[in-house]
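Residues per chain, in single letters:
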Amino acid sequence: MLTDKTIKAALSSVVTEITLNDGATNGRGSGSLVLVVRRLANGSASATWFANWKRNGKRQKKAIGRYPEITLSIARQMMAAELAPNIRAGKPLNQVNDATLESMFKGYVEAMKAAGKESAVEVERVLLKAKHNAADALGRYKHPSEIEPEDVVSFVGGYFDRGHRGAADKARSYVSSAYGWAIKAANDYTNPNRQDWCVKRNPAEYVQKDAKATTPRDRALTAAEMKRLWNAVGGDGFALETGACIRLLICTGQRVQELLRMEAEEIDLTEKLWTIPAHKTKGRRFPHVVPLTSQAVGILVDLLAVHKTGPLFPARSGSKSKLIGHRSIMQAIDRWIDSQKEKPARFQTRDLRRTWKTRAGQAGISKELRDLIQQHAKHDTGSKHYDRYEYLDEKRAAMTKWDSWLGTVLAGSHPLPARVAA
């Protein structure tokens, strides 16, 4: 049996990791209480209590807590009163007893996908699939409670040392979010099938956020740059969908992901309206109606002539179950910039949204209406919970101003061809 003296000796002498076994003190078939002691990267040591047992020949374990927050005597009491009786009876402990870091990360990603989070694919890549993924770096088959802040520092520090400062900060954020989800999911009283990942703290919360990892962008294209880009994407080197996407970003000022998921049934050419269903908006609560400029209508006529129904931005393979990705639009923009003799300053798709916001103000549209058109307006209590007026007439009038201003800027530009080879 363990003693406090034995535990303290192990904490001072452990080199890598050792397991101290208190034995099966509650009778045969009741499992055993063990303490896993680890030497950390900063030279200190950590210790975590587990209940270990076998069921159907498979070894299982459940994290109980950390020493010394949970003392030896308390761990024994928890084992005797709460765990051993259920282990003997073969009852579930309402826990993910064989939880691993990998299974926790997978659970988080699946929850993101179920909620329709567009970032789920990128989070899954960083946590589970990339060459330098978090699961492998931290210990794919370790219990989530065994991960220490020092482990997270080592993982994100690898990105930083390889010169990827922004990626390092994102990786820290993804690990932190996964742990935060696991803690909340275990305590979600609205979910009768909730799982307890045996996580009581978030190791990534102790890792300093790099405030200098990302710099707020302020790039907005000038009127001359807008005309140059508009003309370029309607020429050789751009597929119909790619050029249409970039031009519609300029016309509407909407988010690129919402635009790429546009479907024919959302477009009313007679009323010149694009209605984004609630589940496709960022807030996912209410549909969003965007009045269309004459330029946007012309672009959509060409897209509808090709695709007729369903998604208007299917992948190049022609499959309507897969859509063109945001990254491919960015790659097309980068290729165009690199091909220019007189290269414009770099910009991203989100900069086109900022460009719309900035130039629409120049066109005489109030900030309130620009916010409404770009879904930025409903932040105060009155707007969020009480105001259900759609402001459609006001938005139409604003977009008429934008139509006129944009038409003047683009005067002399070439129309988007019916179909351009990729």
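Refer to the preceding data block for the structure.
This write-up is about the structure you can find in this document.

## Considering the sheet that holds strand 7 (residues 288–291)
Then comes step 1: Taking strand neighbours across the sheet as the criterion, the three strands line up as 5-6-7 in an open arrangement whose pairing is antiparallel. In this open sheet, the two edge strands, each paired with only one partner strand, are strand 5 (267–268) and strand 7.
Then comes step 2: Of the strand pairs in this sheet, strand 6 (residues 273–276) and strand 7 are connected by four bridges, and their pairing is antiparallel. Paired with L273 across the bridge in strand 7 is P291.
Then comes step 3: Strands in contact with helix 16 (residues 392–409) are strand 6 and strand 7; relative to strand 7, the strand with the most contacts, it is inclined by about 35°.

## Quick notes on the packing of aromatic side chains
Then comes step 1: Counting across every chain of the model gives six aromatic pairs.
Then comes step 2: Pairing W402 with W405 gives two aromatic rings, centres 5.3 Å apart and planes at 15°, and the pair type is stacked. Within this pair, W402 and its partner W405 are both found in helix 16, separated by three residues, close to a single helical turn. Grouping residues by exposure puts W402 and W405 together as buried.
Then comes step 3: These aromatic residues form a ring-pair network of at least three members: Y108, W181 and W197.
Then comes step 4: Directly above the ring of F50 sits K61, whose terminal nitrogen or CZ lies 4.7 Å from the centroid.
Then comes step 5: The side chain of R162 reaches across the aromatic face of Y159, ending 5.1 Å from its centre.

## What to know about unusual backbone geometry
Then comes step 1: Here the residue pair Y67 and P68 is connected by a cis peptide bond, since its omega of 10° sits within 30 degrees of zero.
Then comes step 2: Along the chain, the position of P68 falls in the loop between strand 4 (58–67) and helix 2 (72–89).
Then comes step 3: A positive phi angle, near 55°, is found at K272, a position not held by glycine.
Then comes step 4: The residue K272 is located in the loop between strand 5 and strand 6 in this model.

## Considerations on the sheet that holds strand 1 (residues 17–23)
Whenever strands of a sheet pair, they do so through backbone hydrogen bonds, lying parallel or antiparallel.
Then comes step 1: One open sheet accounts for four strands, arranged 1-2-3-4; its pairing is antiparallel. Across the chains shown, the open sheet's two edge strands, defined by having one partner strand only, are strand 1 and strand 4. Taken over all neighbouring pairs, the strand axes of this sheet differ in orientation by 30° on average, direction set aside.
Then comes step 2: Where strand 1 lies against strand 2 (residues 32–39), six bridges are found, and the strand directions are antiparallel. Residue pairing for strand 2: G23 is matched across the bridge by L33.

Analysis parameters
Residues numbered from 1 in each chain as written. Predicted model: local features only at pLDDT ≥ 70, side-chain atom pairs only at ≥ 80, totals over all residues. Heavy atoms only, no water. Pairing = 2+ DSSP bridges. Helix = DSSP H or I, 4+ residues; strand = E, 2+ residues; numbered from the N terminus. Contact = heavy atoms within 4.5 Å. Axes fitted to C-alpha atoms, helices over the stretch in contact; angles between N-to-C directions. Phe/Tyr/Trp six-rings, centres within 6.5 Å; stacked < 30°, edge-to-face > 60°. Buried < 20%, exposed > 50% of the residue type's maximum accessible area, 1.4 Å probe, protein only. Lys NZ or Arg CZ within 6 Å of the ring centre and 35° of its normal.

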